[in-house]
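An overview of the molecular structure
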Amino acid sequence: MEALSPYQTLILILAASVRVATPVLFAALGGCFSEQSGVFAMGLEGFMMTGAFVAVVATLSSGSILLGALLGVLAGAAMALILAFATVTLGAEQVLSGLAVNFFVIGATAFLLKVASGAGGIMPLTPQINPLPLPGLARIPFIGPVFFNQPPLTYVAYVIVPASWWLMYRTYWGLQLRAVGEKPRAVDTVGISVAGVRYLSVILSGALAGFGGVVLSLQQVNTFTENMAGGRGWLGLISAIFGRWNPLGAAGASFLFGVTDALQLRIQISQLQLSSWFVLMIPHILALVLISLIGRAARHPEATGVHYTTE
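Notes on the structure follow. (Residues numbered from 1 in each chain as written. Predicted model: local features only at pLDDT ≥ 70, side-chain atom pairs only at ≥ 80, totals over all residues. Heavy atoms only, no water.)

Tallying secondary structure elements over the protein chain gives twelve helices and zero strands in all. In sequence order, the secondary structure elements of the protein chain are arranged as α-α-α-α-α-α-α-α-α-α-α-α. The burial tally for the protein chain puts 49% of its 311 residues in the buried class. Taking as baseline every contact in the protein chain between residues at least 6 positions apart, the subset at least 24 positions apart corresponds to 77%. (Helix = DSSP H or I, 4+ residues; strand = E, 2+ residues; numbered from the N terminus. Buried < 20%, exposed > 50% of the residue type's maximum accessible area, 1.4 Å probe, protein only. Contact = heavy atoms within 4.5 Å.)

What follows concerns the environment of Leu90. Tracing the backbone shows Leu90 in the loop between α3 (65–89) and α4 (94–117). Linking Leu90 and His307, residues 217 residues apart in sequence, is a C-alpha distance of 8.8 Å.

A word on the environment of Gly213. Within the fold, Gly213 resides in helix α9 (residues 194–221). If near-sequence neighbours (up to four positions away) are discounted, Gly213 is found in contact with Met48, Gly51 and Ala52.

The next thing to look at is the packing of helix α2 (residues 44–62) against α9. Look at α2 against α9: their axes get within 7 Å of each other, and the N-to-C directions meet at 50°. In terms of orientation, α2 lies oblique with respect to α9. Classified by chirality, the crossing of α9 by α2 is right-handed. Contacts from Leu44, Phe47, Met48, Gly51, Ala52, Ala55, Val56 and Thr59 of α2 reach α9 at Ser205, Gly206, Ala209, Gly210, Gly212, Gly213, Val214, Ser217 and Leu218. Of the residues belonging to the contact of α2 with α9, the class tally is nine nonpolar, eight polar and no charged. (Axes fitted to C-alpha atoms, helices over the stretch in contact; angles between N-to-C directions. Parallel < 35°, antiparallel > 145°, perpendicular 65-115°, else oblique. Left-handed = near helix turned anticlockwise from the far one by under 90°. Nonpolar A, V, L, I, M, F, W, Y, C, P; charged D, E, K, R; others polar.)

On to the pattern of salt bridges, then. Tallied over the full model, the rule gives two salt bridges. Here Glu226 and Lys114 are joined by a salt bridge, their closest N and O atoms 3.5 Å apart. Highlighted residues: Glu226 in the loop between α9 and α10 (232–242) and Lys114 in helix α4, separated in sequence by 112 residues. When the shortest N-O distance is used, the salt bridge between Glu302 and Lys183 registers 3.2 Å. Highlighted residues: Glu302 in the segment after α12 (276–294) and Lys183 in the loop between α7 (172–182) and α8 (184–189), separated in sequence by 119 residues. (Salt bridge = Lys/Arg side-chain N within 4 Å of Asp/Glu carboxyl O.)

Counted residue by residue, α10 has eight buried out of eleven residues, so it is predominantly covered. Along α10, the positions that sit buried rather than exposed are Gly233, Leu235, Gly236, Leu237, Ile238, Ser239, Ala240 and Ile241. Arg244 sits one or two positions beyond α10 and adopts a positive phi of about 60°.

Quick look at the side chain of Thr59 now. Within the fold, Thr59 resides in helix α2. Judged by its relative accessible area of 2%, Thr59 falls in the buried class. With near-sequence residues (within four places) excluded, Thr59 lies in contact with Ser64, Ile65, Gly68, Thr126, Pro127 and Leu218.

The next point concerns the nonpolar core. If you look at the biggest cluster of nonpolar residues, it comprises 63 residues, and the most contacted ones within it are Phe26, Phe47, Val214, Leu218 and Phe224. Ignoring sequence-local partners within four residues, the contact set of Leu218 consists of Ala55, Val56, Thr59, Ile65, Gly68, Ala69, Thr126, Pro127 and Ile129. If you look at the next biggest cluster of nonpolar residues, it comprises five residues, including Leu235, Ile238, Phe257 and Leu286. (Core = buried A, V, L, I, M, F, W, Y, C linked by side-chain atoms within 4.5 Å.)

Attention now goes to the packing of aromatic side chains. In the structure shown here, the tally under the stated rule is seven aromatic pairs. Taken together, a centroid distance of 6.2 Å and an interplanar angle of 45° make the contact between Tyr7 and Phe142 tilted. One end of the pair, Tyr7, is in helix α1 (residues 6–36); the other, Phe142, is in the loop between α4 and α5 (143–147), and 135 residues separate them in sequence. Note on Phe142: relative accessible area 31%, which makes it partly exposed. With 5.1 Å between their ring centres and 80° between their planes, Phe53 and Phe224 make a pair best called edge-to-face. Of the two residues, Phe53 sits in helix α2 while Phe224 sits in the loop between α9 and α10, which places them 171 residues apart along the sequence. (Phe/Tyr/Trp six-rings, centres within 6.5 Å; stacked < 30°, edge-to-face > 60°.)

Structure, rendered in structure tokens:
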């Protein structure tokens, strides 16, 4: 077999980086919306797992990838609605509530996996989602094979990222969203429902993270496995923090995690004599580096974590 040139290797790594960064990216976008409204985005891992599990079950039951993806997104939103009710309406502590959602979903999906698949704990494979080269664009040197020879669900991110930025920074609702996260009392005095904005933002966060789970299960793994998110929800949260809750910045940070993930996959199939445990740590080492670089400069919106009640 002919060895690849450095140029071909670089293209393969970058193309894989875009592909494997997609689930983290959607989780990061979800984190941006939730945190901008003043609600800690601690449930992203649970939302991803919910979306991934429901997407696979629905796809296998119906035979439709599109229906499975849609139900996976709705399932992530539904789980987020539960968290919104607990934190926004009942005033439950946001960090603990988010962690509770994560632990509950991880345990529930592990149990349901065994119920659905029997003692083996392995679900059947869903239909393969192959790369879809975009006519004309895929032939552009370097950029084409990296960005425009991807599976269909990855292309959705190309639309959602700028749309999220536009919604957050160029619309009246986006202004409300950011104002609720900073000065909910001021927003309430002009007749805007703080609870309504927070509910919508948390549900949107769950839908986006749920879609990240859909991408992971239907496009990358083609099945569901126990705890398959593997910390990607947390990487999404770190990407959102590093991006200062801006969808564009979060997308850039997600791509960095994609690069490290693609590199560790490349290392595993290479001849380098490195421990597989160390290789699997690479994305999480980057996460620690980014956290240390952010330090105290990572400013949350002023009212984040504060339960608001109308006087």
